Amino acid sequence: MRGAKSAKWVAGAIIVALAATACGGSDSGSDDNGDKASTGSFDPNGKFSVEVGEPQNPLQPANTMESNGSIVVGALFQQLVDYDAAGKIVMVNAESVDTTDNKTYTVKLKKDWKFHDGTPVTAESYVKAWNWAANIKNNQTNSFWFSDIAGFADVHPEKGDPKKTEMSGLKVVDPTTFTIELSTPIPYFIYKLGYEVFSPLPESFYADPAAAGEKPVGNGPYKFVSWDHKKSIEVTAFADYTGPDKAKNGGVTFKNYTNLETAYEDLKSGNVDVLRQIAPKDLPVYRDDLGDRAVDKAYSAVQSIVPAFYTKQWKDIDPRVLQGLSRAIDRDTITKTVLQGTREPATGFVAKGVLGYQDNVGGDVFKYDPAAAKALIKAGGGVPGNKISIQFNADGGHKEWVEAVCGSITQATGVACTGDSKADFQADLDARDAQEVKSMYRGGWVLDYPVNANFIRDLYGTKSDGNTSGFSSAKIDGLIKGADAAPSLDESVKLYQDAEKEMVNEMPAIPLWYYKVNAGYSDKVSGVDYAQDGDPILTSVQVKK
Amino acid sequence: MGRYVARRLLQMIPVFIGTTLLIFLMVYALPGDPVRALFGDKGADPATVARIRHDLGLDQPILVQYWHYLTGLLQGDFGTQIASQRPVTDVLGEAFPVTIRLAVLAFVIELVFGIGLGIIAGMRAGRLADSAVLVFTLLMISVPVFVLGFIFKTVFAFQLGWTDPNVSGEANWGELVMPAVVLAGLSLAYVARLTRTSIAENLRADYMRTAVAKGLPRRRVIGVHLMRNSMIPVVTFLGTDIGALMGGAIITEGLFNIHGVGGTIFESIKRREGTTLVGLVTVLVLVYLATSLIVDLLYAVLDPRIRYA
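The following refers to the structure shown. Note that the structure is predicted; figures quoted are calculated from it, not measured. (Residues numbered from 1 in each chain as written. Chains lettered and ligands numbered in written order. Predicted model: local features only at pLDDT ≥ 70, side-chain atom pairs only at ≥ 80, totals over all residues. Heavy atoms only, no water.)

1. Some remarks on the overall build of chain A
Then comes step 1: Regarding its fold elements, chain A presents 17 helices and 19 strands.
Then comes step 2: The C-alpha radius of gyration of chain A comes to 24 Å, within 12% of the 24 Å expected for a compact globule of 545 residues.
Then comes step 3: Its C-alpha atoms give chain A principal-axis dimensions of about 70 × 60 × 40 Å.
Then comes step 4: Residue burial in chain A is summarised as follows: out of 545 residues, 61% are buried.
Then comes step 5: Long-range pairs, those at least 24 residues apart, make up 71% of the contacts in chain A with a sequence separation of at least 6.
Then comes step 6: Carbon together with sulfur atoms contributes 51% to the accessible area of chain A, which is approximately 19800 Å² in total. (Helix = DSSP H or I, 4+ residues; strand = E, 2+ residues; numbered from the N terminus. Rg over C-alpha atoms; globule rule 2.2 N^0.38 Å. Buried < 20%, exposed > 50% of the residue type's maximum accessible area, 1.4 Å probe, protein only. Contact = heavy atoms within 4.5 Å. Areas by Shrake-Rupley, 256 points an atom, 1.4 Å probe, with all protein chains shown as cover.)

As structure tokens, this is what we get:
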């Protein structure tokens, strides 16, 4: 479920520029340069370690959704395109991706790209990999990502065995060119191509996909070395890598931690170099402990509370009631106190850092005002039953803020509010899928690709996979359809912005806050930055000598 | 003796089947579908979910699943993990060596210090040493494990810098000493108290007076007559505690980032990895059965009046 890697290589480029001006190349260790003293000297072959958990799945690109696996897969594989921090597309393995009608895309590959086993990356490497991943027989959890491509139903039928092994929409033209035909035009399809699912696979993969998941051979900046289960995963910089995000370090050790508290202790005692997140227990002290090595940075994810629209309570609700509830939540105070500054109050449905993000789209609707909240709820006919509950998973650290949100609502409007705790994430998901949520549930969304469509279509379209609340609005669906049919990306993004404005009137969810990365790193490394999905950008990290 | 052991071994079969079935049913009863959970927050594609469930045999009735599991088990096949698609035997093979090392260390600490303190307190019942041991064991019993772990880390790792706060991937013996002390803490206190009571009581027993009256040397009176009789309740406790040390280390393992059985059990429950969980518990059941058999046999050694036909 972790999506794009975003600004990875651009940040990398900045580091390159800095290194070039400051010390004239960090690879030779030329100590005679005076400027170097300020930045310290770096070891281009130095290795550093990152905190992760044990990846749940084999390391196959189309099978890795959870964060522990995707950070490793992201290091080993590279896709056709990537995006910079402003959300602009950047060519990586592709020389160009062209389209005239948003339906047929022609991909030209850069020459000289190699897999880690030395075989060349060709058009065939992509087409075959995607056909394999889309095939339902191969049980890849991310296979639905290929559903935009014409002929997907042939390899991934709803029931039974696939009729074909190849999608009709993918055609190899020559060794470095292939075409993708979609079943319907999608102006922002090129953005999806930066997701790990769309990685190429080497020929050796198909001989034994299971073994390949244990010892992946990719085309990315890092080469796989070893996976000592539950202990560590080692990758080393790939010398023949020609992409723009060549590693500034010698390699990475992904060290396995079962909880964030122990990882933080190890960071303090120098046993791990880069953390992805600080445990809640250490949040109050980590800035003092780490000084300028403490990281506090927004990334593209949003948390909301979502009414279960299939319940009697919310079935025909007047959106003004939901707007009223939204105005009853004191986001500023809760993010500052209960969440200790680890979140930022939301002002819209689309997270920051995404193409098409609009500042303050919700306007007053997201501002705390008890009087207005009461008035809106009254105008909308009141909350049915005058009582709501918020379902959350008790194992995810949500209890505190759910209670705070409930307290805020009750205090402001007199509507009774309780937390509805499920033992763990699985039980929470179960209730959502079975449509057994009693009133509202906690929803969270991390970007897959940095376009506002990802936060609108994939969550609130009537038939979207991410729509588990039963929200359905003909108007929103119409706007989404219109935006998807737009002739260009810019217009599509604009139309999606209109859809977001309309969503404020319909309130398919009550957005609460945007996420932030609260992490840190050791004094052994520098150049540590975090991408839009919240993961550290590995290739730009430099190891001090 | 041989017949007794044979009978006990045969009794293990129904116990074994019963416990595995029970765990199997319990995992099955938990809400949440492990296959659906592979897809996380975002919606799952129902066709893929159905396909994976079918391939794993999860769409069959629970008793059929259990039967397949049991027949597999008899051939040494512990099944496959749902998410990672790795054989459960591999997962067990990683988890157990670490936990066994930890448990052995903890057991030795518990044995040496527990019995040692118990003897000191018991021999001097009512005097200062006894009171000191009582206070110490009371502390160990009442302080929660994670508090103890935290204190140890703060003092030994952060302030004194003698050791790293956490255990590395290798989990060497040296690194495991601190976690082992924490893990052994609670049981150590129980062992000390059991030993103390038993010794203090037996000191007044008739056979002790007889032994002293016979003019036996003090070392023999205490070493053989007193110890042997006082150890019976302690051995019972130590026996069952081996199992507890193996399986009950969830908190300690979590505290020190040890990737052993405790953490694996916790993770398997969270991810609803039924086969992994049953596999782990199966091994633990075997450990319990084996240690309780050894304890029963030790009784006969300690007290010749207890004889097994």
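Read on for the rest.
2. Observations concerning the packing of aromatic side chains
Then comes step 1: Under the criterion given, the structure shown has 28 aromatic pairs over all chains.
Then comes step 2: One aromatic cluster is present, formed by A:Tyr105, A:Tyr126, A:Trp130, A:Phe146, A:Phe178, A:Phe189 and A:Phe198 through successive ring pairs.
Then comes step 3: Its end group placed over the ring of A:Tyr206, A:Lys128 keeps NZ or CZ at 4.6 Å from the ring centre.
Then comes step 4: One residue, A:Lys268, lies across the ring of B:Phe158, its end atom 5.0 Å from the ring centre. (Phe/Tyr/Trp six-rings, centres within 6.5 Å; stacked < 30°, edge-to-face > 60°. Lys NZ or Arg CZ within 6 Å of the ring centre and 35° of its normal.)

3. What to know about helix α10 (residues 319–327) of chain A
Then comes step 1: Most of α10(A) sits out of view: seven of its nine residues are buried.
Then comes step 2: For α10(A), the complete set of buried residues consists of A:Val321, A:Leu322, A:Gln323, A:Gly324, A:Leu325, A:Ser326 and A:Arg327.

4. Quick look at the sheet that holds strand β18 (residues 525–526) of chain A
All names here are of chain A.
Then comes step 1: Strand order in this open sheet of three strands is β1-β19-β18, and the pairing throughout is antiparallel. Because the sheet does not close on itself, it has two edges, and the strands there are β1 (42–43) and β18.
Then comes step 2: Where β18 lies against strand β19 (residues 542–544), two bridges are found, and the strand directions are antiparallel. Residue pairing in the sheet places Val 525 in a bridge with Val 543 of β19. (Pairing = 2+ DSSP bridges.)

5. Section: a nonpolar patch on the surface
Residues and elements named next belong to chain B.
Then comes step 1: Together, Ile 100, Val 104, Val 108, Leu 111, Val 112, Phe 113 and Trp 173 give the surface a local cluster of nonpolar side chains, amounting to about 620 Å² of exposed area.
Then comes step 2: Here the element with the most residues in the nonpolar patch is helix α5 (residues 88–123); it accounts for six residues.
Then comes step 3: Along the polypeptide, Leu 111 turns up in helix α5.
Then comes step 4: Judged by its relative accessible area of 32%, Leu 111 falls in the partly exposed class. (Patch = residues over 30% accessible without salt bridge, like charges linked within 9 Å, V, L, I, M, F, W, Y side chains within 5 Å. Salt bridge = Lys/Arg side-chain N within 4 Å of Asp/Glu carboxyl O.)

6. With respect to the pattern of salt bridges
Residues and elements named next belong to chain A.
Then comes step 1: The full count for this structure, using the stated rule, is 34 salt bridges over all chains.
Then comes step 2: As a salt-bridge pair, Asp 273 and Lys 524 come within 3.3 Å of each other at their nearest N and O atoms. Placement of Asp 273 in the loop between α8 (260–268) and α9 (283–290) and of Lys 524 in the loop between β17 (510–520) and β18 is noted, with a sequence separation of 251 residues between them.
Then comes step 3: Its relative accessible area of 37% is what places Lys 524 among the partly exposed residues.
Then comes step 4: Residues Asp 296 and Arg 287 are paired through a salt bridge, measuring 3.1 Å at the closest nitrogen-oxygen approach.

7. Side note on the layout of surface pockets
Then comes step 1: In this structure, the second largest pocket encloses a volume near 1300 Å³.
Then comes step 2: For the second largest pocket, the lining is made up of 44 residues, of which A:Ser147, A:Arg457, A:Lys463, A:Ser464 and A:Asp465 are closest to its centre.
Then comes step 3: For the lining of the second largest pocket, the secondary-structure elements that each account for two or more residues are α5 (152–155), α15 (453–460) and α16 (474–484) of chain A together with α3 (46–56) of chain B.
Then comes step 4: Counted by class, the lining of the second largest pocket contains 19 nonpolar, 10 polar and 15 charged residues. (1 Å grid on protein atoms, 1.4 Å probe; cavity = no way out; pocket = protein on both sides within 12 Å on 5 of 7 lines; lining within 4 Å. Points joined across faces, edges and corners; volume = space filled by probe spheres on them. Nonpolar A, V, L, I, M, F, W, Y, C, P; charged D, E, K, R; others polar.)

8. Focus on the packing of helix α8 (residues 173–202) of chain B against helix α10 (residues 218–247) of chain B
Packed helix pairs are specified by the crossing angle of their axes together with the interaxial distance, meaning the distance between the axes.
Residues and elements named next belong to chain B.
Then comes step 1: Remark: α8 packs on α10, axes separated minimally by 9 Å, with the N-to-C direction vectors making an angle of 160°. Here α10 runs roughly antiparallel to α8, going by the angle between their axes. Crossing of α8 over α10 shows right-handed handedness. The residues of α10 that touch α8, namely those facing Leu 183, Ser 187, Tyr 190, Val 191, Leu 194, Thr 195, Ser 198, Ile 199 and Asn 202, are Leu 226, Met 227, Asn 229, Ser 230, Met 231, Pro 233, Val 234, Phe 237, Leu 238, Asp 241 and Leu 245. (Axes fitted to C-alpha atoms, helices over the stretch in contact; angles between N-to-C directions. Parallel < 35°, antiparallel > 145°, perpendicular 65-115°, else oblique. Left-handed = near helix turned anticlockwise from the far one by under 90°.)

9. Quick word on the environment of B:Ile141
All names here are of chain B.
Then comes step 1: Note that Ile 141 resides in helix α6 (residues 128–142).
Then comes step 2: The class for Ile 141 is partly exposed, based on a relative accessible area of 28%.
Then comes step 3: Note: C-alpha distance between Ile 141 and Gly 122 (19 residues apart in sequence) is 19 Å.
Then comes step 4: In this structure Ile 141 touches Leu 186, Ala 189, Tyr 190 and Arg 193, once residues within four positions along its chain are discounted.

10. A closer look at the interface of chain B and chain A
Then comes step 1: Taken together, the 41 residues of chain B in the interface contact 50 residues of chain A.
Then comes step 2: Taken together, both faces of the contact between chain B and chain A bury some 4100 Å²; the carbon and sulfur share is 49%.
Then comes step 3: Across the salt bridge formed by A:Asp424 and B:Arg272, the nearest N and O atoms sit 2.9 Å from each other.
Then comes step 4: The tally of links from chain B across to chain A stands at 22 residue pairs in polar contact (both at pLDDT 80 or more).
Then comes step 5: Of all the elements in the fold, those that place two or more residues in the side of chain B that touches chain A are α2 (34–37), α3, α5, α7 (145–159), α11 (250–255) and α12 (261–271) of chain B.
Then comes step 6: Taken together, the residues of the side of chain B that touches chain A break down into 14 nonpolar, 12 polar and 15 charged. (Buried area = accessible area lost by both parts, 1.4 Å probe. Polar contact = N/O pair within 3.5 Å; in protein donor to acceptor, adjacent residues only side chain to side chain.)

11. Structural notes on the nonpolar core
Then comes step 1: Of all hydrophobic cores here, the largest spans 155 residues; its most connected members are A:Trp130, A:Ile180 and A:Phe254.
Then comes step 2: The contact partners of A:Phe254, leaving out residues within four places of it in the chain, are A:Val50, A:Val52, A:Ile71, A:Val72, A:Ala75, A:Lys231, A:Ser232, A:Ile233, A:Val235 and A:Leu538. (Core = buried A, V, L, I, M, F, W, Y, C linked by side-chain atoms within 4.5 Å.)

12. Points about the state of the cysteines
Here, disulfide denotes a covalent bond that connects the sulfur atoms of two cysteines.
Residue and element names in this part refer to chain A.
Then comes step 1: Per the stated rule, a full pass over the model turns up one disulfide over all chains.
Then comes step 2: In this model Cys 406 forms its disulfide with Cys 417; the gap between the sulfur atoms is 2.0 Å. The sign of the -55° torsion about the S-S bond sets the Cys 406-Cys 417 disulfide as left-handed. One end of the pair, Cys 406, is in helix α13 (residues 399–413); the other, Cys 417, is in strand β15 (residues 416–422), and 11 residues separate them in sequence.
Then comes step 3: Assessed through its relative accessible area of 4%, Cys 406 is described here as buried. (Disulfide = S-S within 2.5 Å.)

13. A short note on the environment of A:Phe254
Then comes step 1: Structurally, the position occupied by A:Phe254 is in strand β11 (residues 251–256).
Then comes step 2: In this structure the C-alpha to C-alpha distance between A:Phe254 and A:Val52, which are 202 residues apart in sequence, comes to 6.0 Å.

14. Observations regarding the sheet that holds β11(A)
All names here are of chain A.
Then comes step 1: Strand order in this open sheet of four strands is β2-β11-β10-β9, and the pairing throughout is mixed. One side of each edge strand has no neighbouring strand; the edge strands of this open sheet are β2 (47–52) and β9 (222–228). Strand-to-strand twist across the sheet, computed as the mean angle between neighbouring axes with direction ignored, equals 20°.
Then comes step 2: Inspection of the sheet shows β2 paired to β11 by six bridges, in the parallel sense. Along β11, the bridge assignment pairs Ser 49 with Thr 253.

These results come straight from atomic positions and should not be treated as a statement about function.
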